[in-house]
Amino acid sequence: MNMLSVRVWRGGGAADRGFVTYDVPRQPAQTVLDVVTHIQRCVDPTLAYRFACRVGMCGSCAMTVNGRARWTCRTHVEAVAGDGRLEIAPLANLPVIRDLVTDMREFFDKWARAKGQFVPTATRKDEFATVAPAAKERLAVDAAIECIGCGVCYASCDVVGWNRDYLGPAALNRAWTLINDVRDGANAERLAAVAGDAGCHACHTHQSCTDRCPKGLAPTASIAGLKRRTALAALTGAIR
Amino acid sequence: MSARRTQSLLWLAQRTSAGVLALCVVVHLVTMIIAVRGGLTAAEILGRTRGSFAWAAFYAVFVLAVAIHAPIGVRAIVAETRGAHGRGIDAAMLAFAVLLLALGLRAVAAVTMGPAS
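Just so it is clear, the structure is predicted and the values come from calculations on it, not from any experiment. (Residues numbered from 1 in each chain as written. Chains lettered and ligands numbered in written order. Predicted model: local features only at pLDDT ≥ 70, side-chain atom pairs only at ≥ 80, totals over all residues. Heavy atoms only, no water.)

On to the overall build of chain B, then. Helix and strand counts for chain B come out as four helices and zero strands. For chain B, the N- to C-terminal ordering of α and β elements is α-α-α-α. Taken over C-alpha atoms, the radius of gyration comes to 17 Å for chain B, far larger than the 13 Å a tight globule of 117 residues would show. Seen along its three principal axes, the alpha-carbon backbone of chain B occupies a region of about 50 × 25 × 25 Å. For chain B, the proportion of its 117 residues judged to be buried stands at 23%. Surface summary for chain B: the accessible area is close to 7200 Å², and the carbon and sulfur share equals 74%. (Helix = DSSP H or I, 4+ residues; strand = E, 2+ residues; numbered from the N terminus. Rg over C-alpha atoms; globule rule 2.2 N^0.38 Å. Buried < 20%, exposed > 50% of the residue type's maximum accessible area, 1.4 Å probe, protein only. Areas by Shrake-Rupley, 256 points an atom, 1.4 Å probe, with all protein chains shown as cover.)

Right, let's talk about the layout of surface pockets for a bit. Put simply, the largest pocket is a space of about 620 Å³. Lining the largest pocket are 26 residues, and of these His201(A), Ala202(A), His204(A), Ala76(B) and Glu80(B) lie nearest its centre. Taken together, the elements giving at least two residues each to the lining of the largest pocket come down to α1 (3-35) and α3 (53-82) of chain B. Ranked by residues supplied to the lining of the largest pocket, first place goes to α3(B) with nine residues. A per-class count over the lining of the largest pocket returns 10 nonpolar, 11 polar and five charged. (1 Å grid on protein atoms, 1.4 Å probe; cavity = no way out; pocket = protein on both sides within 12 Å on 5 of 7 lines; lining within 4 Å. Points joined across faces, edges and corners; volume = space filled by probe spheres on them. Nonpolar A, V, L, I, M, F, W, Y, C, P; charged D, E, K, R; others polar.)

What follows is about the packing of aromatic side chains. Residues and elements named next belong to chain A. Under the definition given, this model contains 11 aromatic pairs over all chains. Between Phe-107 and Phe-108, the ring centres sit 4.8 Å apart and the planes meet at 75°, which makes this aromatic pair edge-to-face. Accessibility expressed as a relative area gives 2% for Phe-107, which makes it buried. Phe-108 sits in the partly exposed class, given a relative accessible area of 39%. Ring pairing ties together the aromatic residues Phe-107, Phe-108, Trp-111 and Tyr-154, which thus form one cluster. (Phe/Tyr/Trp six-rings, centres within 6.5 Å; stacked < 30°, edge-to-face > 60°.)

This next bit is on the domain arrangement of chain A. Residue and element names in this part refer to chain A. Here the domain parsing of chain A yields domain 1 (3-102) and domain 2 (105-236). Computed from C-alpha coordinates alone, the two centres of domain 1 and domain 2 are separated by 30 Å. Tallying the contact residues gives 14 residues for domain 1 and 18 residues for domain 2. For the domain 1 face of the interface with domain 2, the top three residues by lost area are Arg-68, Trp-71 and Asn-93, together amounting to 49%. Where domain 1 meets domain 2, there are one salt bridge. The shortest N-O distance in the salt bridge between Asp-211 and Arg-68 comes to 3.4 Å. Where domain 1 meets domain 2, there are five residue pairs in polar contact (both at pLDDT 80 or more). Take the side of domain 1 that touches domain 2: its biggest share by element is four residues, from strand β4 (residues 68-71). Here the side of domain 1 that touches domain 2 is built from residues that sort into nine nonpolar, three polar and two charged. (Domains from an automatic or database assignment. Contact = heavy atoms within 4.5 Å. Buried area = accessible area lost by both parts, 1.4 Å probe. Salt bridge = Lys/Arg side-chain N within 4 Å of Asp/Glu carboxyl O. Polar contact = N/O pair within 3.5 Å; in protein donor to acceptor, adjacent residues only side chain to side chain.)

Judged by nonpolar contacts, the single largest core of 61 residues is most densely connected at Val6(A), Val35(A), Leu86(A), Ile88(A) and Tyr166(A). Element by element, the count of residues in this core is highest for helix α7 (residues 169-179) of chain A, at six residues. Leu21(B), Cys24(B), Trp55(B) and Phe62(B) belong to the second-largest nonpolar core, a separate cluster that totals six residues. (Core = buried A, V, L, I, M, F, W, Y, C linked by side-chain atoms within 4.5 Å.)

All names here are of chain A. Relative to the helices and strands, Asn-163 is located in the loop between α6 (158-162) and α7. Under the relative-accessibility criterion, Asn-163 is labelled buried at 18%. Sequence-distant contacts of Asn-163, defined by excluding residues within four places in its chain, comprise Asp-197 and Ala-202.

Moving on to the pattern of salt bridges. Residues and elements named next belong to chain B. Tallying each qualifying case throughout the model produces 13 salt bridges over all chains. When the shortest N-O distance is used, the salt bridge between Arg-75 and Asp-90 registers 2.8 Å. Of this pair, Arg-75 sits in helix α3 while Asp-90 sits in helix α4 (residues 87-112), and the two are 15 residues apart along the sequence. Judged by relative accessible area, Arg-75 falls into the buried class, the value being 13%. For Asp-90, a relative accessible area of 23% corresponds to the partly exposed category. A salt bridge links Arg-87 to Asp-90, with the nearest nitrogen and oxygen atoms 3.8 Å apart. You can see Arg-87 and its partner Asp-90 sitting in helix α4, three residues apart, about one turn around the helix.

Residues and elements named next belong to chain A. Of the two faces of β4, only the one carrying Ala-69 and Trp-71 is buried; Arg-68 and Arg-70 on the other face are not. Relative to β4, strand β3 (residues 62-65) is paired through four bridges, and the arrangement is antiparallel. Counted as the bridge partner of Thr-64 is Ala-69 from β4. If you look at the hairpin formed by β3 and β4, you'll find two residues sitting between the two strands, and Asn-66 has a positive phi there, around 50°. (Pairing = 2+ DSSP bridges.)

Spelled out as structure tokens, the structure:
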């Protein structure tokens, strides 16, 4: 049987074992998640990893595959292991809980710090807000709203790697969707929250987030939008 | 003024000065290429620049854009690589801007003031 040699990161905390090599049978249309699942179910049941939907909807199976953050469920082995080499590690820039499972708390805490919650200006007694589909703000929201919080951009961002306070592409992208939401009432606080050395101004426009986003979003463009809006807010005194 | 407001305004200043610099650098390079086609001497340069308000104005704008743009970039690099923040680095970068402005304007004055030879 055609076999694949797979190096998988094992450990976490004080129990690091480094990369361990497993032999996995090749299958047609096999995904990297299939490979990890085979190892856990047929070779070593102690392997820890995270997944849910298996079809690219939930964003929970992202890992580092051959040095690059990817959704493992939507990555075919043949697309990344043409030379028969496959190396699977947890997402970068996040603490490892065990094996391939990272602690996503700081990633989502930064969404909260970027004021990523919708703040309504109307009540249930008011009429529905009317937002024209072709409105400039609506189009800006459309371009950025499909993020499912997988963390691929965060793991791919060089700035996150050297500035642990940096909010990161996903949180800033989320803030940008709310900045453009005409129903939201917290833009002054949100613009203040995303400005500065830990916010949008730390972005170097490397565009790794945009290059790697499995949803094809462009967080770099969202961050550029935030830079423009924070500059305007600083000029008008909305950011003091 | 808060650090967040300072950052936002510095970003705007750097973007604006970058736009000015893009234009100035192109004019500067094209002028250099055209000017050296027939050989280049100090007398030839000074003959063109001495007493010229246009050259003085152009390079004064160039120097001003550099004095705004460069310290903001250096500030970001120092902040990221050395972890330096706060008023100290702001004061150091302001001093750097003043130094660039003074040296640049002195050079502009040296080649544009005085009688055309």
